[in-house]
Amino acid sequence: MAATVSDILLDWYDRHARDLPWRAPPGTPPPDPYRVWLSEVMLQQTTVAAVKPYFEAFTRRWPDVAALAAAPEDDVMAAWAGLGYYSRARNLVKCARAVAARGGFPTTETELRELPGLGAYTAAAVAAIAFAQRAVVVDANVERVVARLFAIDTPIPAARKPIRVAADAITPARRAGDFAQAMMDLGSSVCTAREPKCLLCPLAKTCKARATGDPARLPVKAPKKPKPLRRGRAFWIEREGEVWLVRREGKGMLGGMRALPDDGWSARADGTGEAPMPGTWESAGVVRHVFTHAALELSVVVQRNAPAPDAQGEWWPIDRIDDAGLPTLFAKAARLVLAG
DNA sequence: AACACGGGGGC
DNA sequence: GCCCCAGTGTT
């Protein structure tokens, strides 16, 4: 009986698994579902290196789902600051509260999929990794590995369906969690997006893209659109060692996060340039920042000895600005002012 | 199906 | 600089 793809990969994983804070070693009992869930949400579109310190901080401060469920949402948002995609943090709180209310995580992929912030990938990953269920786990790593293994050259996103079918076909009933993590480790360290290390790959012999001689060509992706450049202003309003901060509304850009007041710039349009209050503004410089679908030049202007703006907001001690939970854009703006 | 949604790592 | 990343929710 020839060794299957999953046999080969699990054997490779037993020898080469990365040691990560949210992981159990290969072949050992699954880790705490809370830690699996938290890590998976943090890892959505986010690199392992970026996640590690946040995962440590979250699990130290909120050791279990009940603790996270009891936390004020603003505290969680502030702790998430810098990690990006802040809807994840909003959904994290909702999900923790739903799970705490029902007395623990559901154990099937179908039920997990109903929770806020758990889409097809995360529901499958948690079911497989935390609950040893057979689930087909498809993330960007798996897409790349499978597209190459089977030489699927349809462009993403049309390739998603055949990739899923192929991934399903090679997913084993036993050790589905280890298999999923093995695919991700292979994708992140061997079958990399650029210059895949085929000489180190346990699947090189069966890889159809390898046989063509140009595996890096796959997966084929649709061309991306150019990012527009937006311009806006942010306002540093200061008095007696404090700065005026607001909370951004809604689910849009940086929604729910603490911020400096601004002139209404967005990914779709420039700001008006209009200040939230009268007075004399002094320029502190420009912050350049790139979002997913727009670049921003944010002009930062300052007014000192200012009265309170006629709006919602709060005075925040400048010597504790690092604790305000400002997203990176506004943290950069604050650094600019304080360095000047 | 297409778009909105951050930020940092790696080269 | 550019490409990429353990995707999800909305339209």
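This is a predicted model, so every value here is computed, not measured. (Residues numbered from 1 in each chain as written. Chains lettered and ligands numbered in written order. Predicted model: local features only at pLDDT ≥ 70, side-chain atom pairs only at ≥ 80, totals over all residues. Heavy atoms only, no water.)

## What about the pairing of strand 4 (residues 282–290)?
Every other side chain in a regular strand lies on the same face of the sheet, so the side chains alternate between the two faces. As judged from the 8 bridges shared by strand 4 and strand 5 (residues 295–303), these two strands associate in the antiparallel manner. From the neighbouring strand, Gly 285 faces strand 5, where its bridge partner is Val 300. Between strand 4 and the antiparallel strand that follows it, strand 5, lie 4 residues. (Pairing = 2+ DSSP bridges. Helix = DSSP H or I, 4+ residues; strand = E, 2+ residues; numbered from the N terminus.)

## Brief notes about the pairing of strand 1 (residues 229–239)
Judged from the 9 bridges that link them, strand 1 and strand 5 form a sheet pairing that is parallel. Within the sheet, the bridge partner assigned to Arg 231 lies in strand 5 and is Glu 297. In this structure, strand 1 lies alongside strand 2 (residues 242–247), joined through 2 bridges in antiparallel fashion. Bridge pairing links Glu 238 to Val 243 in strand 2. Counting the residues in the hairpin turn of strand 1 and strand 2 gives 2 residues, including Glu 240, whose phi is positive at 45 degrees.

## With respect to the protein's contact with DNA strand B
Contacts to DNA strand B come from 23 residues, most closely from Tyr 86, Lys 225, Leu 254, His 289 and Thr 292. A share of 63% is what sugar and phosphate atoms reach among the atoms of DNA strand B within 4 Å of the protein. Contacts to DNA strand B include Thr 46, whose side-chain N or O atom sits 3.0 Å from a base nitrogen. Residue His 293 places a side-chain N or O atom 3.1 Å away from a phosphate oxygen belonging to DNA strand B. (Near = heavy atom within 4 Å. Polar contact = N/O pair within 3.5 Å; in protein donor to acceptor, adjacent residues only side chain to side chain.)

## Observations concerning the domain arrangement of chain A
The domain boundaries assigned to chain A delineate domain 1 (5–217) and domain 2 (229–339). Computed over C-alpha atoms only, the centres of domain 1 and domain 2 are separated by 35 Å. Across the boundary between the two partners, domain 1 contributes 8 residues, which contact 13 residues of domain 2. Between domain 1 and domain 2, the buried area comes to about 770 Å², and carbon and sulfur atoms account for 55% of it. Where domain 1 meets domain 2, there are 1 salt bridge. Between Arg 247 and Asp 74 there is a salt bridge, with the nearest N and O atoms lying 3.5 Å from each other. Considering each element in turn, the side of domain 1 that touches domain 2 owes the most residues, 3 residues, to helix 5 (residues 73–80). Of the residues in the side of domain 1 that touches domain 2, the class split is 5 nonpolar, 1 polar and 2 charged. (Domains from an automatic or database assignment. Contact = heavy atoms within 4.5 Å. Buried area = accessible area lost by both parts, 1.4 Å probe. Salt bridge = Lys/Arg side-chain N within 4 Å of Asp/Glu carboxyl O. Nonpolar A, V, L, I, M, F, W, Y, C, P; charged D, E, K, R; others polar.)

## Considerations on the nonpolar core
Taken as a class, soluble globular proteins show a tendency for nonpolar side chains to be buried jointly. With 81 residues, the main nonpolar core has Trp 37, Trp 80, Leu 92, Phe 105, Leu 112, Leu 329 and Phe 330 as its most contacted residues. Broken down by element, the residue count for this core peaks at 10 residues, all from helix 8 (residues 120–131). Of the residues that make up this core, three or more belong to each of domain 1 (5–217) and domain 2 (229–339). Look past the residues within four positions of Phe 330 in its chain and what remains in contact with it is Ala 234, Arg 248, Leu 254, Arg 258, Ala 259, Leu 260, Asp 262, Trp 265 and Leu 298. (Core = buried A, V, L, I, M, F, W, Y, C linked by side-chain atoms within 4.5 Å. Buried < 20%, exposed > 50% of the residue type's maximum accessible area, 1.4 Å probe, protein only.)

## Some details on the pattern of salt bridges
For the structure shown, the criterion picks out 16 salt bridges. Here Glu 297 makes a salt bridge to Arg 231, at a shortest N to O gap of 3.5 Å. With Glu 297 in strand 5 and Arg 231 in strand 1, this residue pair connects regions lying 66 residues apart in the sequence.

## Quick look at the protein's contact with DNA strand C
Of all residues adjacent to DNA strand C, which total 27 residues, the nearest are Glu 40, Gly 117, Asp 139, Asn 141 and Arg 144. Among the atoms of DNA strand C close to the protein, meaning within 4 Å, 68% are from sugar or phosphate groups. Gly 119 places a polar main-chain atom, nitrogen or oxygen, 2.8 Å from a phosphate oxygen of DNA strand C. At a separation of 2.6 Å, a sugar or linking oxygen of DNA strand C approaches a polar side-chain atom of Asp 139. For the surface near DNA strand C, the secondary structure elements donating two or more residues are helix 8 and helix 9 (140–149). For the surface near DNA strand C, the residue count by class is 10 nonpolar, 7 polar and 10 charged.

## Details of the packing of helix 3 (residues 48–61) against helix 5
Interaxial distance between helix 3 and helix 5 falls to 10 Å at its minimum, and their mutual angle equals 155 degrees. Classified by the angle between their axes, helix 3 and helix 5 sit roughly antiparallel to one another. Two packed elements cross with a definite hand, and for helix 3 against helix 5 that hand is right-handed. Taking contact as the criterion, the partners of Tyr 54, Phe 58 and Arg 61 in helix 3 are, on helix 5, Asp 75, Val 76, Ala 79 and Trp 80. A per-class count over the contact of helix 3 with helix 5 returns 5 nonpolar, no polar and 2 charged. (Axes fitted to C-alpha atoms, helices over the stretch in contact; angles between N-to-C directions. Parallel < 35°, antiparallel > 145°, perpendicular 65-115°, else oblique. Left-handed = near helix turned anticlockwise from the far one by under 90°.)

## As for the side chain of Arg 90
Turning to its location among the elements, Arg 90 is positioned in helix 6 (residues 87–102). Here Arg 90 sits buried without a salt bridge, and the closest side chain of opposite charge, Glu 73, lies 6.1 Å off (N-O distance). (Lys, Arg positive; Asp, Glu negative; His and termini not counted.)

## Considering the packing of helix 2 (residues 33–42) against helix 3
Close contact between helix 2 and helix 3 brings their axes to 10 Å; oriented N to C, the two are set at 140 degrees. With respect to helix 3, the axis of helix 2 lies oblique. Between helix 2 and helix 3 the crossing geometry is right-handed. Taking contact as the criterion, the partners of Tyr 34, Arg 35, Leu 38, Ser 39 and Met 42 in helix 2 are, on helix 3, Val 51, Tyr 54, Phe 55, Phe 58 and Thr 59.

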